[in-house]
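Secondary and tertiary structure notes
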Amino acid sequence: METLETIMAKHDFLSRMKKPHLKILSGCASNVVFKPDQYIFHEGERADRFYLIRAGKVAIEIRSPEKDSITIDTVGQGEVIGWSWLVPPYRWHFDARAVELTRAIALDGRCLRTKCERDHDLGYELLKRFTNVVVQRLSATRLQLLDLYGNPLKRSKK
Amino acid sequence: MSISTENPMLTTPFRIKGVRKETHDTFTLELESQNGKFSFEPGQFNMLYVYGIGEVPISISSDPTKPDGRLTHTAREVGVVTKAMKQMRTGDTLGVRGPFGTRWPLEEAVGRDVVIVTGGIGLAPLRPALYQLIAKRNQYRKVVLLYGARTPDEILYQKELQKWGGEFDLEVHVTVDRATGAWRGNVGVVTTLISRALFDPSNAIAMVCGPEIMMRYTIQELGKRGISNERIYVSMERNMKCAIGFCGHCQFGPMFVCQDGPVFQFNQIAPFFGKQEV
Ligand SMILES: Cc1cc2nc3c(=O)[nH]c(=O)nc-3n(C[C@H](O)[C@H](O)[C@H](O)COP(=O)(O)OP(=O)(O)OC[C@H]3O[C@@H](n4cnc5c(N)ncnc54)[C@H](O)[C@@H]3O)c2cc1C
Ligand code: FES
C-alpha cells in the first residue's frame, strides 16, 4: 500500500531525499484535494503550509490596481507552491487558485520549522531545494517582464 | 525547386487568394502560383515584394506535403512593408522570389523524439515542419510542441493547435505570458514548459524559433535537460536584401543567414549567438 512517505519519495521536489528526512517530512504532511476554482490561499493570510502538487494545475494570481485577478504563473504536477512559510512574517504574497481538480500533499510549515531548527541537515536540504525553485521562478519572471513577443512597432510608439 | 531558378533576383507575381486575420497584428496571406506548382522545404522563406513599397523575407507557413501551388505566409505588422502587406486584399498581386535557405532537420529526426519550442510569430516557420511530422508521424517517436504567446488572444493557429494535440498524437503545450480570469491554460514563459515535457533527452532533436532572447533561454533549458548543441536547431533572422549571398546584409558571424541559414545547427553558431552586432 502506498503511504504518504512513499508518495512523497516519488515527487520531483523531493527526489533523492534521504529516507530519515522523508520520514520526518511525512510526519508533517497530509493529503489535500482542491476543486476547480477553489482558492488554496489568499494574499496576506498566514502562510503555515506548502504544497507538493501531485496532479492538476494551480494559478498563482495577483490583484491588479483595478482589483482584477491576473495570473502570473501556473504550477502543475511535480512542482511545489509556497515558500512564504520559510520567511518571516510568514504571510502569503499571492493568491493561489486551483484551475482544475488538484491533488496535493500539504506540509505543515510550523511543524517543519521546528524540526529544521532541531535538524540543520534537514533544514539545509530543504533550503537548497527551495532556493532552486525560487531562482528558477525569478528568472522566468524576469523573462516574462521583458515582454518577449511585444510588437516593436507598438514599443516605438510608446 | 524554386520558381525562378534561372534568375534568383527575378520576382514572380502571385495573386492573393485569401487573407486571414490571425491576431490583432498578424495575418496569413494565401497566394496562388500561376502554374499551380510550388515546392519548398520546411524552414525556407520567400522574399515577398509589395510593389512600390519594398521587399521582405517571410517564412513559408503552408504544407510542403501538398505542393499544389497553395502557398501561405504568416506575417506580423512591424514596419513599412509588413504594414502595406497587411492592407492587401484578395485579388491583389504580390511579388515572390524563392524559396531560399536551409530546412528544418526532419530527415535527421527520423527515429527520434522531436521537441519543438517556439514563441510568438515563431510558430509560423515551424508549421510546415509540423505538417510534415504529422504526414509521416510513424517515422518519429514522441513529438512535443511547446508554444508560448503573449496573451490568449495572440495565440496563432488556435484551431490547428487543438487539432494537432487532439487528433495527431502530438503532445501540445501552450503557455501565455499574461492572462486574466477566463484562461484555464498555462501561464509563464515557454521555457518553463521544457522541464515539464515528457521526452527522452538522450535521443531527442530540438527545433527552436522565436525572438533571440527566448531562444537563448530555451537552449539553456534544453541543455539542462540533456539535449546537446548538435541536436538543437534554431531559425535566425537578419535584415536581408538579395537573399542569395551577394550583398552581405544578413551577415551573422562568418555566415550569411540567407544561404547558410535561416535554420542552423546550434553548435555551428554557438560562439557568436547572442552577441551584439554579429
Ligand atoms: C529568414 C527570415 C524569415 C522571416 N519570417 C518571418 C515570418 O514568417 N513572419 C514575419 O512576420 N516576419 C518574418 N521575418 C521578419 C520580417 O522579415 C521582418 O519583420 C520584416 O522585414 C520587417 O519589414 P518592415 O518593412 O515591415 O519593417 P521595418 O520598417 O524594416 O522595421 C520596423 C521596425 O521593426 C523592427 N523590426 C524589423 N524586423 C523585425 C523583426 N524580425 N523582429 C523584431 N523587430 C523587427 C525594426 O528594427 C524597426 O524598428 C523573417 C525574417 C527573416 C530573416
Ligand atoms: S541578404 Fe544579401 S547576402 Fe544575405
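For the structure given in this document, a descriptive report is provided here. (Residues numbered from 1 in each chain as written. Chains lettered and ligands numbered in written order. Predicted model: local features only at pLDDT ≥ 70, side-chain atom pairs only at ≥ 80, totals over all residues. Heavy atoms only, no water.)

Now for the sheet that holds strand β1 (residues 29-34) of chain A. Residue and element names in this part refer to chain A. Here 4 strands make up an open sheet; going across it, the order is β1-β8-β3-β6 and the pairing antiparallel. Since the sheet does not close on itself, it has two edges, and those belong to β1 and β6 (80-81), each with one partner. Pairing geometry for strand β3 (residues 49-55) and β6, over 2 bridges, is antiparallel. Considered in β6, the bridge of L52 is made with V80. (Pairing = 2+ DSSP bridges. Helix = DSSP H or I, 4+ residues; strand = E, 2+ residues; numbered from the N terminus.)

Taken together, 19 residues form the shell around ligand 1, and within it B:P57, B:T74, B:R76, B:T82 and B:E237 come nearest. Neighbouring residues of ligand 1 are distributed over chains A and B. At 2.7 Å, a backbone N or O of B:R76 approaches an oxygen atom of ligand 1. In this structure, an oxygen atom belonging to ligand 1 sits 3.3 Å away from a main-chain N or O atom of B:V80. Taken by itself ligand 1 offers 910 Å² of open surface, and the protein chains cover 69% of this. (Near = heavy atom within 4 Å. Polar contact = N/O pair within 3.5 Å; in protein donor to acceptor, adjacent residues only side chain to side chain. Areas by Shrake-Rupley, 256 points an atom, 1.4 Å probe, with all protein chains shown as cover.)

Residue and element names in this part refer to chain B. Counting 42 residues, the largest nonpolar core has L146, I232, V234, M236 and I269 as the members making the most contacts within it. Per element, the largest residue contribution to this core is 4 residues, and it comes from helix α5 (residues 212-225). Residues from two domains meet in this core; each of domain 1 (12-100) and domain 2 (113-235) gives at least three. Within the second largest apolar cluster, 33 residues are counted, among which are I134, L145, Y147 and V187. (Core = buried A, V, L, I, M, F, W, Y, C linked by side-chain atoms within 4.5 Å. Buried < 20%, exposed > 50% of the residue type's maximum accessible area, 1.4 Å probe, protein only. Domains from an automatic or database assignment.)

Here we come to the packing of helix α2 (residues 19-26) of chain A against helix α4 (residues 120-145) of chain A. All names here are of chain A. Viewed as axis vectors pointing N to C, α2 and α4 meet at an angle of 85°, and their least axial separation amounts to 11 Å. Here α2 is positioned roughly perpendicular relative to α4, judged by the angle of their axes. Mapping the contact onto sequence places H21, I24 and L25 in α2 and D121, L122 and L126 in α4. (Axes fitted to C-alpha atoms, helices over the stretch in contact; angles between N-to-C directions. Parallel < 35°, antiparallel > 145°, perpendicular 65-115°, else oblique. Contact = heavy atoms within 4.5 Å.)

A word on the packing of aromatic side chains. Residue and element names in this part refer to chain A. Inspection of the entire model under this criterion finds 16 aromatic pairs over all chains. Between F41 and W92, the aromatic rings sit 3.6 Å apart at their centres with planes inclined by 5°, giving stacked as the arrangement. In this pair, F41 sits in strand β2 (residues 39-41) while W92 sits in the loop between β6 and β7 (95-98), placing the two residues 51 residues apart along the sequence. Taking the relative accessible area as the measure of exposure, W92 reaches 6% and is therefore buried. (Phe/Tyr/Trp six-rings, centres within 6.5 Å; stacked < 30°, edge-to-face > 60°.)

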